[in-house]
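So the chains spell out like this:
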Amino acid sequence: MKVLVIGGGAREHALCRSLSLDPDVTALHCAPGNAGIAEVAELHGVNALDGQAVAELAAGLEADLVVVGPEAPLVAGVADAVRDRGIPVFGPSVEAAQLEGSKAFAKDVMAAAAVPTARSYVCTTPEEIDEALDAFGAPYVVKDDGLAAGKGVVVTEDVEAARAHALACDRVVIEEFLDGPEVSLFAVTDGETVVPLQPAQDFKRAYDGDEGPNTGGMGAYSPLPWADPKLVDEVMATVLQPTVDELHRRGTPFSGLLYAGLAITSRGVRVIEFNARFGDPETQVVLARLKTPLAGLLHAAATGTLATFPALRWSDGAAVTVVIASHNYPDTPRTGDPIDGLADVVAQDAPKAYVLHAGTKRDDSGAVLSAGGRVLSVTATGSDLTTARQRAYRAVDRISLDGSQHRTDIAAKVADEAAGA
């Protein structure tokens, strides 16, 4: 199978790594990719948002499968352009991708499908914003209706900060605050059959102790030893399958990766948001534990044959990812700094720990430089969360990036609780 992956972040590096380990994959390509992905796939300098260019590349490569990683190409209709050329593609249509592209659309689908979620208002005027903020009170949850690269949500006790964020958006969703721990659950679907993956938990705040601003994610772990064993079955029955069924009923079937961000509240499971693609950094830990070869699973979703696909196989162990970010992230990050120590991780920690590149590039001399806010995802596996954490942070300590930052407490609390149980 010849596979083309679209995107250039750590999520795409995780996908490419898993695909490169699949014996059925005979050729692996990525556009545009990054310095790390170049080690496992052939890179192509194609604009990921240009559907026709991506389709031309896929046709020229005689690709058997195209995997669209990020949300922006999906909302731009890249999957549609590839599908129109008769090439199997893992990723929803532009209409179905509105499940992520518009918070208001997602709320409408959830209401029609009776999916449990937070009460909310869609606001377009200052008067509507003030009414909604007053109705819910603190803490205030304000979401940009459109794509915002994981940074469009503000959760704050400060009504003026909430109002300022809302006024900066063309259309905004203001909703009640959901208490309880958050869980990410991915599901692969062909538009009818839904196959859940293993749950994960990510860490959105920039600093230790869940302090600081929201980010795209500073780390993640899987599995969740504290979660109800019936959680996946419950979410399948109340969230994932009803959502897929509703989109099918509307004539806009969702084929690809459906990501449910969940809050385990005192009143039960509630959906915080949907995404139309693999989440970052949760993908890094989920794929680290998946034993089923990835290409066949994604191809089955792309060709409508998931119903006959064998049950997924998972490792019994754990995985932890720690994100190394640039100086000043999530504000305007500094880029262009050299990254040292990557070879040391390969030499001393592989294969139990490895580095997935997010925002990196090579200079003319071949040195790897920072090229984004989130630069690296250091991922490790182990028999339990404590072992996986130790391996991940040992690898983090080998890496040098001037001014970089990372959280030191990823999965620490749950690992300690699991060890003491």
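Given the structure is predicted, the values throughout are model-derived calculations rather than measurements.

Engineer: Give me the lowdown on the sheet that holds strand S1 (residues 2-7), citing residues and values where you can.
Structural biologist: The strand order across the open sheet built from five strands is S3-S2-S1-S4-S5, with neighbouring strands paired in parallel fashion. The sheet is open, and its two edges are formed by strand S3 (42-43) and strand S5 (89-90), each paired on a single side. In the sheet, strand S2 (residues 27-32) pairs with S3 via two bridges, with the strands oriented parallel. Considered in S3, the bridge of histidine 29 is made with glutamate 42. Sheet strands in contact with helix H2 (residues 51-61) are S1, S2 and strand S4 (65-68), and its direction is about 160° off that of S1.

Engineer: Please provide a residue-by-residue account of a negative patch on the surface, values included.
Structural biologist: On the surface, a cluster of negative charge is contributed by Glu127, Glu128, Glu131 and Asp134. Tracing the backbone through its elements, the reader meets glutamate 128 in helix H7 (residues 126-136).

Engineer: With reference to specific residues and values, describe the packing of H7 against helix H8 (residues 159-167).
Structural biologist: For the pair H7 and H8, interaxial distance at closest approach is 10 Å and the crossing angle is 145°. Between H7 and H8 the crossing geometry is right-handed. Here H7 contributes Pro126, Ile129, Asp130 and Leu133 to the contact with H8, which in turn contributes Val159, Ala162, Arg163, Ala166 and Leu167. Considering only residue class, the contact of H7 with H8 consists of seven nonpolar, no polar and two charged.

Engineer: So what's going on with the pattern of salt bridges? Which residues, and what values?
Structural biologist: Two side chains of opposite charge can pair, provided their charged atoms sit close to one another. A full pass over the atoms with the stated rule returns 24 salt bridges. When the shortest N-O distance is used, the salt bridge between glutamate 100 and arginine 277 registers 2.8 Å. Of this pair, glutamate 100 sits in helix H5 (residues 98-101) while arginine 277 is found in the loop between strand S17 (268-275) and helix H10 (282-289), placing the two residues 177 residues apart along the sequence. Comparing glutamate 100 with arginine 277, the two get one shared label, buried. Measuring nitrogen to oxygen at the nearest pair gives 3.7 Å for the salt bridge that ties arginine 374 to aspartate 280. On the criterion of sequence distance, the pair formed by arginine 374 in strand S23 (residues 374-382) and aspartate 280 in the loop between S17 and H10 is long-range, its members being 94 residues apart. In this structure, a network of salt bridges that share partners links the residues Arg11, Glu12, Glu71, Glu100 and Arg277.

The rules we used
- Here, residues in each chain are numbered from 1, in the same order as that chain's written sequence.
- Since the coordinates come from a predicted model, pLDDT governs what is reported: local features require at least 70, and pairs of side-chain atoms require 80 or more to be given and counted, while whole-chain, interface and lining totals use all residues.
- Excluded from the side-chain calculations are hydrogens and water; all other atoms, namely the structure's heavy atoms, are used.
- Pairing between strands is defined by DSSP: at least two bridges between the two strands are required.
- Helix and strand labels come from DSSP, where a helix needs a run of H or I of at least four residues and a strand needs a run of E of at least two; each type is numbered from the N terminus.
- The criterion used for residue contact is that any of the two residues' heavy atoms lie within 4.5 Å.
- Every angle, taken between N-to-C directions, lies between 0 and 180 degrees, and every axis is a line fitted to C-alpha atoms, over only the stretch in contact when it is a helix.
- Exposure above 30% relative accessible area and the absence of a salt bridge qualify a residue for a patch, where like charges join within 9 Å and nonpolar side chains (Val, Leu, Ile, Met, Phe, Trp, Tyr) within 5 Å.
- Surface exposure here means Shrake-Rupley accessible area, sampled with a 1.4 Å probe, where a residue is shielded only by the protein chains that are shown.
- Salt bridge, as used here: a side-chain nitrogen of Lys or Arg that lies within 4 Å of a carboxyl oxygen of Asp or Glu.
- Here the positive residues are Lys and Arg and the negative ones are Asp and Glu; neither His nor the chain ends is included.
- By convention, the charge on Lys lies at NZ, on Arg at CZ, on Asp at CG and on Glu at CD.
- Put simply, a crossing is left-handed when the front helix is turned counterclockwise from the back one by less than a right angle, and right-handed when it is turned clockwise.
- In this count, Pro and Cys sit with the nonpolar residues alongside Ala, Val, Leu, Ile, Met, Phe, Trp and Tyr, while Asp, Glu, Lys and Arg are called charged and the others, Gly among them, polar.
- Buried means the residue's accessible area, taken with a 1.4 Å probe over protein chains only, is under 20% of the maximum for its type, while exposed means over 50%, and partly exposed covers the values in between.

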